[in-house]
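Letter by letter, the chains look like this.
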Amino acid sequence: MPSKQGYKLVVLVKQVPDTHNVTSDAMTKDGTMNRAVLPAIFNPEDLNALEMALQFKERYGGEVTVLTMGPPKAAEVLRESLYRGADQVVLITDKKFAGADTLATSYTLKSAVEKLGAFDLIFCGRQAIDGDTAQVGPQTAEKLGIPQITYAESIVELSGNDIVVQRALDRGMEMVKCAMPCLLTVVASANRPRPASARKHIAYKLAATPFEYQDVLQKWPEFESIEALEVHLAERNLQIPVWTAADLDVEEDKLGLEGSPTQVYKINFVVLEAKESKEVSPDHAGVEALVQELIQEYIVG
Ligand SMILES: Cc1cc2nc3c(=O)[nH]c(=O)nc-3n(C[C@H](O)[C@H](O)[C@H](O)COP(=O)(O)OP(=O)(O)OC[C@H]3O[C@@H](n4cnc5c(N)ncnc54)[C@H](O)[C@@H]3O)c2cc1C
């Protein structure tokens, strides 16, 4: 049931490499992604997850806390979340988390959610566009011992401690009733994420983790010192909290590459060449022939 402050809503978001611009140096020798060389973006379906949480808060009241596990640079998606209406954000970062597969990632996220305390709903994106496994949401729910609703498209009803959720399925939709706390994985068709608000952007543009204080000082020299900047940020609740392995109740051998039974051996970039494309005449016969070919090659049907 909601606390006095209303519903406790947690959103798990990931900063991902913009896989539309993958280059040959995108992978390091040990099979992990070289995130420094790729432009980083907010995982698209995590924006839908954040939007669903914000709409829930507007409808039923509550507080939205956004968590991300990633390198210090991932603080950018936390600021983006504040610009859209998140109330609190936390960066979960530590070299010990590097190279984590979904098992290690979900273990770390579960521990961070437990550190947050009681919650009513967790919102995740259905899938991240880099690992593409759609495993972290369900794994995190399993580790927290709570029910999960995947492919959530809308929260239809809230009655007492139960929510009714519409799921998007290949062949239509399904209505699921579930007691809270539970975890939802949200699909892209759920909503149109709101853009960042200019007013919130102005209010939160200085929000920073201690890793970023030096950069902020360079951009805003009027603060004169890190100490003066820290005071300014603290007074305005603009310090982004950072949780490392030491801040979480975790077994270190379950973290990062060490805690990951799955290691990405190699990534091949599929670049389609012109000779592989085929001209289809834009008429019924042309489309009919294409569909037949796709069926024969078991691509559809
Ligand atoms: C090309 C490639 C292939 C990979 N293949 C595998 C594999 O087969 N098996 C495997 O175990 N690992 C694999 N990994 C590693 C995997 O990407 C990482 O474990 C990653 O942190 C989580 O998996 P995902 O990207 O598939 O996320 P998904 O499971 O698709 O993410 C679903 C949702 O979980 C939440 N979430 C995911 N990661 C985070 C995070 N770091 N912080 C906050 N919320 C998060 C978001 O809401 C996200 O939308 C692969 C990585 C790459 C780059």
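A short tour of the structure in this document, coming up. (Residues numbered from 1 in each chain as written. Predicted model: local features only at pLDDT ≥ 70, side-chain atom pairs only at ≥ 80, totals over all residues. Heavy atoms only, no water.)

**Concerning the pattern of salt bridges**
Within this structure, the stated rule accounts for 15 salt bridges. Between Glu76 and Lys73 there is a salt bridge, with the nearest N and O atoms lying 3.9 Å from each other. Residue class for Glu76 comes out partly exposed when judged on its relative accessible area of 35%. The partner of Lys254 in a salt bridge is Glu251, with the nearest N and O atoms 3.4 Å apart. You can call Lys254 partly exposed: its relative accessible area is 37%. For Glu251, a relative accessible area of 45% puts it in the partly exposed group. (Salt bridge = Lys/Arg side-chain N within 4 Å of Asp/Glu carboxyl O. Buried < 20%, exposed > 50% of the residue type's maximum accessible area, 1.4 Å probe, protein only.)

**With respect to the site of the ligand**
Taken together, 29 residues lie around the ligand, and Leu12, Lys14, Asp46, Ala128 and Thr133 are the ones closest in. One of the backbone nitrogen or oxygen atoms of Met69 is found 2.9 Å away from a nitrogen atom of the ligand. Expressed as a share of its isolated accessible area of 920 Å², the protein-covered part of the ligand is 88%. Contributions of two or more residues to the shell around the ligand are made by strand E4 (62-69), helix H3 (102-116) and strand E6 (121-125). When its residues are assigned to classes, the shell around the ligand shows 13 nonpolar, ten polar and six charged. (Near = heavy atom within 4 Å. Polar contact = N/O pair within 3.5 Å; in protein donor to acceptor, adjacent residues only side chain to side chain. Areas by Shrake-Rupley, 256 points an atom, 1.4 Å probe, with all protein chains shown as cover. Helix = DSSP H or I, 4+ residues; strand = E, 2+ residues; numbered from the N terminus. Nonpolar A, V, L, I, M, F, W, Y, C, P; charged D, E, K, R; others polar.)

**Some remarks on the layout of surface pockets**
Each pocket or cavity is described by its volume, and for the second largest pocket that value is around 270 Å³. Lining the second largest pocket we find 18 residues, and of these Glu76, Arg79, Lys205, Glu212 and Lys219 sit closest to its centre. Those elements giving two or more residues to the lining of the second largest pocket turn out to be strand E3 (40-42), helix H2 (75-84) and helix H6 (213-219). Residue classes in the lining of the second largest pocket are distributed as ten nonpolar, one polar and seven charged. (1 Å grid on protein atoms, 1.4 Å probe; cavity = no way out; pocket = protein on both sides within 12 Å on 5 of 7 lines; lining within 4 Å. Points joined across faces, edges and corners; volume = space filled by probe spheres on them.)

**Structural notes on the side chain of Gln139**
In this structure, Gln139 sits in helix H4 (residues 136-144). Taking the relative accessible area as the measure of exposure, Gln139 reaches 19% and is therefore buried. When sequence neighbours within four positions are dropped, the list of residues in contact with Gln139 reads Thr102, Leu103 and Ser106. (Contact = heavy atoms within 4.5 Å.)

**Notes on helix H1 (residues 44-60)**
With 17 residues, H1 should cover 24 Å at 1.5 Å per step; its first-to-last C-alpha distance of 25 Å lies within 8% of that length. Trailing H1 by a residue or two, Gly61 shows a phi angle of about 85 degrees, which is positive. (Expected span 1.5 Å × (residues − 1).)

**Focus: the packing of H3 against H4**
Across the interface, H3 lies against H4 with an axial gap of 8 Å and an inter-helix angle of 50 degrees. Considering their axes alone, H3 and H4 lie oblique with respect to each other. For the element pair H3 and H4, the recorded crossing hand is right-handed. Within the contact between the two elements, H3 uses Thr102, Leu103, Thr105, Ser106, Tyr107, Leu109, Lys110, Val113 and Glu114 and H4 uses Val136, Gln139, Thr140, Lys143 and Leu144. Looking at the contact of H3 with H4, its residues break down into six nonpolar, five polar and three charged. (Axes fitted to C-alpha atoms, helices over the stretch in contact; angles between N-to-C directions. Parallel < 35°, antiparallel > 145°, perpendicular 65-115°, else oblique. Left-handed = near helix turned anticlockwise from the far one by under 90°.)

**Remarks on the sheet that holds strand E7 (residues 148-159)**
If you walk across this open sheet you meet the nine strands as E9-E8-E7-E10-E6-E1-E4-E5-E11, and the pairing is mixed. The outermost strands of the open sheet, each flanked by one partner alone, are strand E9 (172-179) and strand E11 (242-243). Summarising the sheet, E4 and strand E5 (residues 88-92) pair through five bridges and their orientation is parallel. The residue bridging Thr68 from the neighbouring strand is Leu91, located in E5. On the sheet, H1 packs against strand E1 (7-12), E4, E6, E7, strand E8 (162-169) and strand E10 (182-186) and is oriented at approximately 10 degrees with respect to E7. Set on the sheet, H4 makes contact with E1, E6, E7 and E10; between it and E10 the angle comes to about 180 degrees. (Pairing = 2+ DSSP bridges.)

**What to know about the pairing of E8**
With six of its eight residues buried, E8 lies for the most part within the structure. Of the pairings in the sheet, the one linking E7 to E8 comprises six bridges and is antiparallel in character. When the sheet's bridge partners are listed, Glu157 is paired in E8 with Val164. Linkage of E7 to E8, two consecutive antiparallel strands, is achieved through a turn of two residues, within which Gly160 is found at a positive phi near 65 degrees. Pairing of E8 with E9 involves eight bridges; the strand directions are antiparallel.

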